[in-house]
Each structure stands twice: as structure tokens, then as C-alpha cells.
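# Observations on chain architecture
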Amino acid sequence: VQLQAFGGGLVQAGGSLRLSCAASGRSSCRNVMGWFRQAPGKEREFVAAYRWGDRSTRYADSVRDRFTISRENGANTVYLQMNGLKPEDTAVYYCAAATGLITGRMSQAEAYTSWGQGTRVTVSS
């Protein structure tokens, strides 16, 4: 599976951005797609995930109610709509894909087998 993420940029606090992750390759290898982020000097952390089969989603507590992960119907693209951005959201955002994850593992980076290149999000105060 190949993943391509884009949509990052510079935005002021309180603003919005929408990240996209386009997937290509075997669909059987990506029934869960997730977003992770890594800020300078920090470890990679889970942001949100979407599971194709039951359309279930999971969010990190830090972004719940501000970010929304969704899938374009009929397309192999997952979006991360980010509203109410804060300076602490500044990071490189990565999309990832996995197969057959149970709900409890959707937030675990080590469970994902394919990763896209990062897209940088900078939120100014």
C-alpha cells in the first residue's frame, strides 16, 4: 500500500486545515487508516483512525471535538478536518494503514504496516 499525505501548512491559532491521505495498492491491506503526529523533540502520537468495515472512528483525547476523520465515499482517501487549531497541534502529521485491527489497537502505531510521508502543520499563536 502506498500512502500520500498532503494538506499541511501554516495557520493561526483557532484556524482550520484539512489533511488528505490518498491510498493506492491492495485494498485488503488498508481497512484501517490512521493519522499520527510527531512534534519536535517528542514521540509520535496517535491522532485519529477510521475503520472501513463498520466506519468506526477513534480519536486522541487532545483532539476530540476539534478534529474529524472521514472517508470520501467510493474513493481511497481519508481526510482529517482540523478545526480550532492550537499551537500545541504543531507537528508533522503522518497517515498510516493497517489491516484487521481491533478497536483497541487502532491507536497503536506499531499495529500499522504502511506509512506515508509526513505533512507539516504549523499553528502560530
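Details of the structure are given in the entry above.
Report on the accompanying structure. Everything quoted here is computed from the prediction, not taken from an experiment.

Here the focus is the overall build of the protein chain. Of regular secondary structure, the protein chain possesses zero helices and 11 strands. Written out in order from the N terminus, the α and β elements of the protein chain read β-β-β-β-β-β-β-β-β-β-β. Taking 2.2 N^0.38 as the reference for a compact globule, 125 residues should give roughly 14 Å; the C-alpha atoms of the protein chain span a radius of gyration of 13 Å, in line with that estimate. The C-alpha extent of the protein chain, read off along each of the three principal axes, is 40 × 25 × 25 Å. Taken over 125 residues, the protein chain has a buried fraction of 45%. By sequence separation, contacts in the protein chain at least 24 residues apart represent 57% of the contacts at least 6 residues apart. For the protein chain, the computed accessible surface area is about 6,300 Å², with 44% contributed by carbon and sulfur atoms.

Looking now at the state of the cysteines. Counted according to the given criterion, the structure contains one disulfide. Each sulfur in the disulfide pair cysteine 21 and cysteine 95 lies 2.2 Å from the other. Taking the sign of the S-S torsion, 65° for the link of cysteine 21 and cysteine 95, the bridge is right-handed. Residue cysteine 21 is found in strand E3 (residues 17–24), and its partner cysteine 95 is found in strand E9 (residues 91–98); the two are separated by 74 residues along the sequence.

Within soluble globular proteins, side chains that are nonpolar tend to cluster in buried spots. With 39 residues, the main nonpolar core has Trp35, Leu80, Met82, Tyr93 and Tyr112 as its most contacted residues. Residue assignment for this core shows that the elements contributing at least two residues are strand E1 (2–6), E3, strand E4 (32–38), strand E5 (45–51), strand E7 (67–71), strand E8 (77–82), E9 and strand E11 (119–124). Excluding its chain neighbours within four sequence positions, the residues that come into contact with leucine 80 are Leu17, Arg18, Leu19, Trp35, Val47, Ala48, Phe67, Thr68, Ile69 and Tyr93.

Between two aromatic rings, the relevant description is the distance of the centres plus the angle of the planes. Here the structure, examined in full by the defined rule, presents five aromatic pairs. With 5.1 Å between their ring centres and 80° between their planes, phenylalanine 36 and tyrosine 112 make a pair best called edge-to-face. Pair noted here: phenylalanine 36 is in strand E4 and tyrosine 112 is in the loop between E9 and strand E10 (114–115), with a separation of 76 residues, a long-range link. The same class applies to phenylalanine 36 as to tyrosine 112, namely buried. With 5.1 Å between their ring centres and 55° between their planes, phenylalanine 36 and tryptophan 115 make a pair best called tilted. Of this pair, phenylalanine 36 sits in strand E4 while tryptophan 115 is found in strand E10, placing the two residues 79 residues apart along the sequence. Its relative accessible area of 31% is what places tryptophan 115 among the partly exposed residues. The structure contains a cluster of three or more aromatic residues connected by ring pairs, namely Phe36, Phe46, Tyr112 and Trp115.

All right, on to the sheet that holds E3 then. Pairing in this open sheet of four strands is antiparallel, and the strands run E1-E3-E8-E7 from one edge to the other. Both edges of this open sheet fall to E1 and E7, since each of them pairs with a single strand only. Between one strand and the next, the sheet's axes are offset by a mean angle of 15°, whatever the strand orientation. Bridge count between E1 and E3: five bridges; the pairing is antiparallel. Counterpart to phenylalanine 6 in the pairing with E3 is serine 20.

Conventions and cut-offs
Residues numbered from 1 in each chain as written. Predicted model: local features only at pLDDT ≥ 70, side-chain atom pairs only at ≥ 80, totals over all residues. Heavy atoms only, no water. Helix = DSSP H or I, 4+ residues; strand = E, 2+ residues; numbered from the N terminus. Rg over C-alpha atoms; globule rule 2.2 N^0.38 Å. Buried < 20%, exposed > 50% of the residue type's maximum accessible area, 1.4 Å probe, protein only. Contact = heavy atoms within 4.5 Å. Areas by Shrake-Rupley, 256 points an atom, 1.4 Å probe, with all protein chains shown as cover. Disulfide = S-S within 2.5 Å. Core = buried A, V, L, I, M, F, W, Y, C linked by side-chain atoms within 4.5 Å. Phe/Tyr/Trp six-rings, centres within 6.5 Å; stacked < 30°, edge-to-face > 60°. Pairing = 2+ DSSP bridges. Axes fitted to C-alpha atoms, helices over the stretch in contact; angles between N-to-C directions.

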